[in-house]
Amino acid sequence: MNPEMLLKSMTPEVYQKLLQAVETGKWLDGNRLTEAQRETTMQAVMLYQAKVLKSDQHMTVGASGEIVQKSRQQFKQELNDKNTIARFTENDI
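Heads up: these notes are all about the structure in this document. Since the structure is predicted, the reported quantities are computational estimates derived from the model, not experimental observations.

## Side note on the packing of aromatic side chains
Scanning all chains against the criterion turns up one aromatic pair. Measuring from centroid to centroid gives 4.5 Å for Tyr 15 and Tyr 48, while their planes differ by 20 degrees, and the two rings are stacked. Residue Tyr 15 is found in helix H2 (residues 12-24), and its partner Tyr 48 is found in helix H3 (residues 35-53); the two are separated by 33 residues along the sequence. Taking the relative accessible area as the measure of exposure, Tyr 48 reaches 4% and is therefore buried.

Quick look at the structure:
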């Protein structure tokens, strides 16, 4: 299956299940992923993150397939640029 067909057929629910499998090393039924399954599943997850989610995490895979790492300053600036929902101090909690 080519990458474009894979992305068209992958729903957000399928992505979440694959992500969980990669994170835990197990399928939802409890069976362990083989090394080949883990590698293939991880590639599918990274492709989805890069092309569909366009993730803004500190380190991710860019749309062209390269690893994108943001500097600490870039990451902090992006966090500061986003709308703040709430801020708390230690005594508020």
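Moving on from the model shown.
## Some thoughts on the side chain of Thr 41
Tracing the backbone shows Thr 41 in helix H3. A relative accessible area of 7% means that Thr 41 is categorised as buried. Apart from the residues lying within four places of it in its own chain, the contact partners of Thr 41 are Leu 18, Val 22, Trp 27 and Leu 33.

## Some words on the packing of H2 against H3
Running from N to C, H2 and H3 point in directions that differ by 135 degrees, and their axes come no closer than 9 Å. Accordingly, the angle class assigned to the pair H2 and H3 is oblique. Handedness of the H2/H3 crossing: left-handed. Taken together, the residues of H3 that come into contact with H2 (itself represented by Pro 12, Tyr 15, Leu 18, Leu 19 and Val 22) are Thr 41, Met 42, Ala 44, Val 45, Tyr 48, Gln 49 and Leu 53. Taken together, the residues that form the contact of H2 with H3 break down as ten nonpolar, two polar and no charged.

## Some words on the environment of Gly 25
Here Gly 25 shows up in the loop between H2 and H3. Sequence-distant contacts of Gly 25, defined by excluding residues within four places in its chain, comprise Gln 20, Asn 31, Arg 32 and Leu 33.

## Some words on the pattern of salt bridges
Per the stated rule, a full pass over the model turns up one salt bridge. In this structure, the salt-bridge partner of Arg 38 is Glu 35, at a minimum N-O distance of 3.3 Å. Of this pair, Arg 38 and Glu 35 both sit in helix H3, separated by three residues, roughly a single helical turn. The exposure class of Glu 35 is partly exposed, given its relative accessible area of 46%.

## A few points about H2
Over its 13 residues, H2 runs 18 Å from end to end, which matches the ideal 18 Å to within 8%, given 1.5 Å per residue. Turning to H2, its buried residues number three or more, namely Tyr 15, Leu 18, Leu 19 and Ala 21. The buried residues of H2 occupy an angular sector of 160 degrees when the element is viewed end-on, so they sit on one face. Turned more than 90 degrees away from the buried face of H2, the exposed residues are Glu 13 and Glu 23. Along its buried surface, H2 packs onto H3.

Calculation criteria
- Residues numbered from 1 in each chain as written.
- Predicted model: local features only at pLDDT ≥ 70, side-chain atom pairs only at ≥ 80, totals over all residues.
- Heavy atoms only, no water.
- Phe/Tyr/Trp six-rings, centres within 6.5 Å; stacked < 30°, edge-to-face > 60°.
- Helix = DSSP H or I, 4+ residues; strand = E, 2+ residues; numbered from the N terminus.
- Buried < 20%, exposed > 50% of the residue type's maximum accessible area, 1.4 Å probe, protein only.
- Contact = heavy atoms within 4.5 Å.
- Axes fitted to C-alpha atoms, helices over the stretch in contact; angles between N-to-C directions.
- Parallel < 35°, antiparallel > 145°, perpendicular 65-115°, else oblique.
- Left-handed = near helix turned anticlockwise from the far one by under 90°.
- Nonpolar A, V, L, I, M, F, W, Y, C, P; charged D, E, K, R; others polar.
- Salt bridge = Lys/Arg side-chain N within 4 Å of Asp/Glu carboxyl O.
- Expected span 1.5 Å × (residues − 1).
- Arc of directions from axis to C-beta.

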